[in-house]
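Residues per chain are reported as follows:
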Amino acid sequence: MTDLNTVLTTCPYCGVGCGVEVTKLDSGLVNVQGNKSHPANFGRLCSKGSALADTIGLEGRLLHPMINGQQVSWETALDAVADGLKQVILEHGPDAVAFYVSGQLLTEDYYVANKLMKGFIGSSNIDTNSRLCMSSAVAGYKRAFGSDSVPCCYEDLDLADLIIIEGSNTAWCHPIVFQRIAKAKKLRPELKIIVIDPRKTATCDIADLHLPIKPGTDTSLFNGLLNAINKQNKIDWDFVNHHTEGLLDALNAAEQTAADVARVAQVCELNEQDINHFFQLFINTEKVVTLYSQGINQSSSGTDKSNAIINCHLITGRIGKPAMGPFSITGQPNAMGGREVGALSNQLAAHMELENPNHHDLVSRFWQTDNLATTAGLKAVDMFEAIHHGKIKAVWVIATNPVVTLPNADKVRRAIENCDLVVVSECELNTGTAARADILLPALAWGEKTGTVTNSERRISRQRSFLPHPGEAEEDWWILSEVAKRMGFGDAFNYQSSADIFREHAALSGFENNGKRDFDISKLADLTDKQYNKLLPIQWPVSSDKPSGRKRLFQDKHFFTATGKAQLIPITPRLPKNPVSSEYPLILNTGRIRDQWHTMTRTARSPRLNAHISEPIVQIHPVDADNYQLKNGAIARLESQWGNMLARVVITEEQRVGSVFVPMHWNDFLASKGRVNSLVNPVVDPISGQPESKHTPIRISSYQPAWYGFLFSRIALKPSDSEYWVKIKGQQFYRYELAGETVIENPSDWAKNQLGKEGEWIEFLDQGASRFRTAKIVNNRLESVVFIASEFDLPARSWLSQLFSETSLNDEMRMSLLAGKPGAGLPDCGPMVCACFGVGENAILTAIKEGSAKTVEEIGSLLKAGTNCGSCIPEIQKIISG
Ligand code: SF4
């Protein structure tokens, strides 16, 4: 803490886990900046973290308990949840109920949810949306180390001489980690960076080598590397002989499947020279970190991919030492916390195993229950399949939105609609899942709740509240505990605070541990409330012999397997489950974009975060665009065996031929047909249960509506007659991108019907060209704009957006209004590049043209662009390069 008006907390978005400093201003607003003393970010925040203050308003919040759309008291709602669950359990048994929880939860919430389901309801049907994010990494670590232990820390990225970034657009998805790597590269240009990714992403901006690998072939590449290490006699025999098992089988599998570089090149569709370059760099560099993320994990062979990477680190002994190791980076802010409390359906609490009788006995005694689940529950995709088939009759969804994020999302939506009892704990009223709930329970949001989260480097940090509880919203742990009490489990859920829960969680981690389990934070079990409130970021384990935490694991070369030795796993490469076909010839890859988070329920509240990429897009290579007669900026229809969507076409050579990329963010409240997961195949990794979200066969075609258009309005609307619509919140306006399949006979009437007749209207109609443009002005301020045309290439929206911030329109503005672009002398910032400082492309181009800036640094000094989070630096570099 610094002073009474300043609160130190953590960012609620990605797994980097940046420290945030919030200052309450006299105006009632808050200022958000990076916490300079937090070791994850040292004061930096990315565009999303920097915009947190934009997202804390109460518009659209769920503030009261509701049953079937009617507001009810907490007593009524909690009784209804408890009675509903008890009834289903009585009639159908404990496995007929399920909890689907979230990496957005705090560890304390997670702990209570897991304890209730596994410990007292007696089923393991609790799974977390982190299943979609990193469960293959968990399974890989457990196979190799006997425990879910991330061996590395961020400091290793500062110290490494070679960083391999595989299956991760770190620049956009973990921007502060990327900036850390970029800084290390700048300080030590000899640091080599290799990016392995089918796409040429912004992360490649700092790469010495980019391997645009064929999707799904990573195991062949790393088997090839294992083979090369062996053939070049670079095995660390001392380490391998004393601390690993399974070498021969692993080498045999590699030899059989990736015998030489030519074969690897053929399978991975890479050139031999590049592969050799990668292999030689790995083999000859001691300090190597392999950083990997969803591109590895979201695969039907994600666990094998993870172990293929780990194998290469183990046979070279590159683990447990500074600057080296296989480093899986998590997507969500508290995916790691969920792993710690056992919120995956196949884990027990505190990194213990459901099937291990000793662990079962230990947890039963610690929780004082005789009803602890004995077998693994259903993993996320299977859980919703069971709901679809009516085997699960009651589901409680907490802090997540499965109708947008799960694969085969339309089927998930139908499953929820048909489920007997759907309970949703949420901050937001408008989510696709909340809209289908029988019982809605209002939860606290970031800034209101308090607890702990754990980031990708095992660092536990406090999330602290700085806002009052709005309406009747409550902590998730309180809601769960109140339901537990009503189900008859009161003695075990009598918590008074999140500190109580944290102490119990910490005590369980150390209970009869004696160094046998990796996760041990028992030194924190006796924290007073005051010490808990002041807890500084610390990396587990935190036990009596490691009271200050530990940066790296396995420095003692002891692993948590039965023999204490790490396991080398023989890997037989498997291609993605569903290959492309003549009917579905393209590979759909899904992922994140720079300025949005998850299903946009929070980030879409921020105008500056909506400015960079405003619509669902499909990125496609020019060759494919040509083949399918797609034009840049037009709309495409994407179809798979499972569903379809509409997306704006972006043609780019950064895509591989044969693959397209679509962001995973848009929900039904922001776009009519933008949910990409309705197309994604519900195929999972057989070990981890993680879906293959990076590889779905699809087809694509040009969408041919009767008209295209856009509409700006100062107030939110529901535009009618548009099969395609996307809602975008801007600075003092809402913008709607539109397209409709029925010709609008009288566009002037149509516009007035949407926006109201009052006010001064100016109009332009070119009947022959089917072009209509109108603007409504009230008190000399721009109130609304509508542009409609038969073609998609309407004027850019940036200048019109700017006009909504004008308090009064001058003559030049009025004259240019219906042209959609400024006349001479009027500024237009152009498409947004830097979201932190609102710097558009035109401002950067002007600076370059006028000769006042030629480098990224000079652009930064002149316009500030790129000087906060740095996420836009690759884009600025691209503009400079022309
Ligand atoms: S990198 Fe950005 S989104 Fe991730 S924790 Fe840091 S500020 Fe938040």
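Scroll up for the structure.
1. Some points on the overall build of the chain
Logical step 1: Helix and strand content of the chain: 30 helices and 34 strands.
Logical step 2: A compact globule built from 882 residues would reach a C-alpha radius of gyration of about 29 Å, and the chain, at 27 Å, matches this within 12%.
Logical step 3: Along the longest, intermediate and shortest principal axes, the C-alpha atoms of the chain span 80 × 70 × 60 Å.
Logical step 4: For the chain, buried positions account for 63% of its 882 residues.
Logical step 5: Within the chain, contacts between residues separated by at least 24 positions form 71% of all contacts whose residues are at least 6 apart in sequence.
Logical step 6: Only carbon and sulfur atoms are counted for the fraction: they give 49% of the accessible area of the chain, which is about 31200 Å².
Logical step 7: For the chain, the separation between the mean place of its 88 positive charges and that of its 98 negative charges on side chains is 3 Å.

2. Some details on the packing of helix α16 (residues 357–367) against helix α21 (residues 498–510)
Logical step 1: Running from N to C, α16 and α21 cross one another at 145 degrees; their axes reach a closest spacing of 11 Å. Relative to α21, α16 is oriented so that their crossing is right-handed. Here α16 contributes Leu-362, Val-363, Phe-366 and Trp-367 to the contact with α21, which in turn contributes Glu-504, Ala-507 and Leu-508.
Logical step 2: Considered class by class, the residues forming the contact of α16 with α21 number six nonpolar, no polar and one charged.

3. Quick look at the nonpolar core
Logical step 1: Among the nonpolar cores identified, the biggest contains 215 residues, and Phe-99, Leu-221, Phe-278 and Trp-396 are the most heavily contacted of them.
Logical step 2: Broken down by element, the residue count for this core peaks at eight residues, all from helix α3 (residues 107–121).
Logical step 3: When sequence neighbours within four positions are dropped, the list of residues in contact with Phe-278 reads Ile-164, Ile-194, Ile-196, Leu-209, Leu-211, Leu-221, Phe-222 and Leu-225.
Logical step 4: The next biggest cluster of nonpolar side chains, apart from the first, holds 25 residues, and it includes Val-381, Ile-392, Ile-416 and Val-424.

4. Some thoughts on the side chain of Ser-47
Logical step 1: For Ser-47, the location among the structural elements is in helix α1 (residues 47–50).
Logical step 2: Among all residues touching Ser-47, those that are not within four sequence positions of it are Arg-594, Asp-595, Leu-609, Ala-835, Cys-836, Cys-869 and Ser-871.

5. Remarks on the pairing of strand β2 (residues 19–24)
Each regular strand shows side chains that alternate between the opposite faces of the sheet.
Logical step 1: With five of six residues buried, β2 is to be regarded as a mostly interior element.
Logical step 2: Pairing analysis gives five bridges linking strand β1 (residues 6–10) to β2, with the strands arranged antiparallel. Residue Thr-10 lies in a different strand from β2, and its bridge partner there is Gly-19.
Logical step 3: Where β2 and strand β3 (residues 30–34) come together, five bridges link them in antiparallel fashion. Opposite Thr-23, over in β3, you have Asn-31 as the bridge partner.

6. Let's talk about the sheet that holds β1
Logical step 1: As summarised here, the arrangement of the three strands in space is β1-β2-β3, forming an open sheet in which the pairing is antiparallel. The open sheet has two free edges, formed respectively by β1 and β3, since each of these has just one partner strand. Taking each pair of neighbouring strands and ignoring which way they run, the sheet shows an average axis angle of 25 degrees.

7. Considering the sheet that holds strand β12 (residues 288–292)
Logical step 1: Ordered in space as β10-β9-β8-β12-β13, the five strands form an open sheet in which the pairing is parallel. Taken across any chain shown, the strands that pair with only one partner, and hence form the sheet edges, are β10 (209–211) and β13 (325–328). For this sheet, the mean inter-axis angle between neighbouring strands, taken without regard to orientation, is 15 degrees.
Logical step 2: Relative to strand β9 (residues 192–196), strand β8 (residues 162–166) is paired through five bridges, and the arrangement is parallel. When the bridges of β9 are listed, Ile-165 appears paired with Val-195.
Logical step 3: Contacts from helix α7 (residues 175–187) reach β8, β9 and β12 within the one sheet, and its direction differs from that of β9 by about 140 degrees.

8. What about the state of the cysteines?
Logical step 1: For the coordinates displayed, the defined rule picks out zero disulfides.
Logical step 2: In this structure Cys-427 is not part of a disulfide, and its nearest cysteine sulfur, from Cys-11, lies 15 Å away.
Logical step 3: Taking the relative accessible area as the measure of exposure, Cys-427 reaches 18% and is therefore buried.

9. Quick notes on the packing of aromatic side chains
Logical step 1: Throughout the structure, instances matching the rule amount to 28 aromatic pairs.
Logical step 2: Measuring from ring centre to ring centre gives 5.3 Å for Phe-99 and Trp-396, while their planes differ by 80 degrees; the resulting arrangement is edge-to-face. Taken together, the residues span a long stretch of sequence, with Phe-99 in strand β6 (residues 97–101) and Trp-396 in strand β14 (residues 394–398) at a distance of 297 residues.
Logical step 3: For the ring pair Phe-710 and Phe-787, a centre distance of 4.8 Å and an interplane angle of 20 degrees mean the geometry is stacked. One end of the pair, Phe-710, is in strand β27 (residues 707–713); the other, Phe-787, is in strand β32 (residues 781–789), with 77 residues separating them in the sequence. Across this residue pair, the class does not change: Phe-710 and Phe-787 are buried.

10. Some words on the site of the ligand
Logical step 1: Surveying the vicinity of the ligand reveals the residues Cys-11, Tyr-13, Cys-14, Val-16, Gly-17, Cys-18, Leu-45, Cys-46, Lys-48, Gly-49, Pro-175 and Ile-176.
Logical step 2: Among the secondary structure elements, those contributing two or more residues to the shell around the ligand are α1 and α7.
Logical step 3: For the shell around the ligand, a count of residues per class yields nine nonpolar, two polar and one charged.

11. Some points on unusual backbone geometry
Logical step 1: The linkage connecting Trp-540 with the following residue, Pro-541, adopts the cis geometry, with an omega of 5 degrees.
Logical step 2: Secondary-structure assignment places Pro-541 in the loop between β19 (538–539) and β20 (566–567).
Logical step 3: The backbone phi angle of Gln-629 is positive, close to 55 degrees, even though this residue is not glycine.
Logical step 4: Inspection of the secondary structure assignment puts Gln-629 in the loop between α24 (622–627) and β23 (635–639).
Logical step 5: A residue is classified by how much of its surface remains accessible, and Gln-629, at 65% relative accessible area, is exposed.

Rules of the game
- Residues numbered from 1 in each chain as written.
- Predicted model: local features only at pLDDT ≥ 70, side-chain atom pairs only at ≥ 80, totals over all residues.
- Heavy atoms only, no water.
- Helix = DSSP H or I, 4+ residues; strand = E, 2+ residues; numbered from the N terminus.
- Rg over C-alpha atoms; globule rule 2.2 N^0.38 Å.
- Buried < 20%, exposed > 50% of the residue type's maximum accessible area, 1.4 Å probe, protein only.
- Contact = heavy atoms within 4.5 Å.
- Areas by Shrake-Rupley, 256 points an atom, 1.4 Å probe, with all protein chains shown as cover.
- Lys, Arg positive; Asp, Glu negative; His and termini not counted.
- Charge placed at Lys NZ, Arg CZ, Asp CG, Glu CD.
- Axes fitted to C-alpha atoms, helices over the stretch in contact; angles between N-to-C directions.
- Left-handed = near helix turned anticlockwise from the far one by under 90°.
- Nonpolar A, V, L, I, M, F, W, Y, C, P; charged D, E, K, R; others polar.
- Core = buried A, V, L, I, M, F, W, Y, C linked by side-chain atoms within 4.5 Å.
- Pairing = 2+ DSSP bridges.
- Disulfide = S-S within 2.5 Å.
- Phe/Tyr/Trp six-rings, centres within 6.5 Å; stacked < 30°, edge-to-face > 60°.
- Near = heavy atom within 4 Å.

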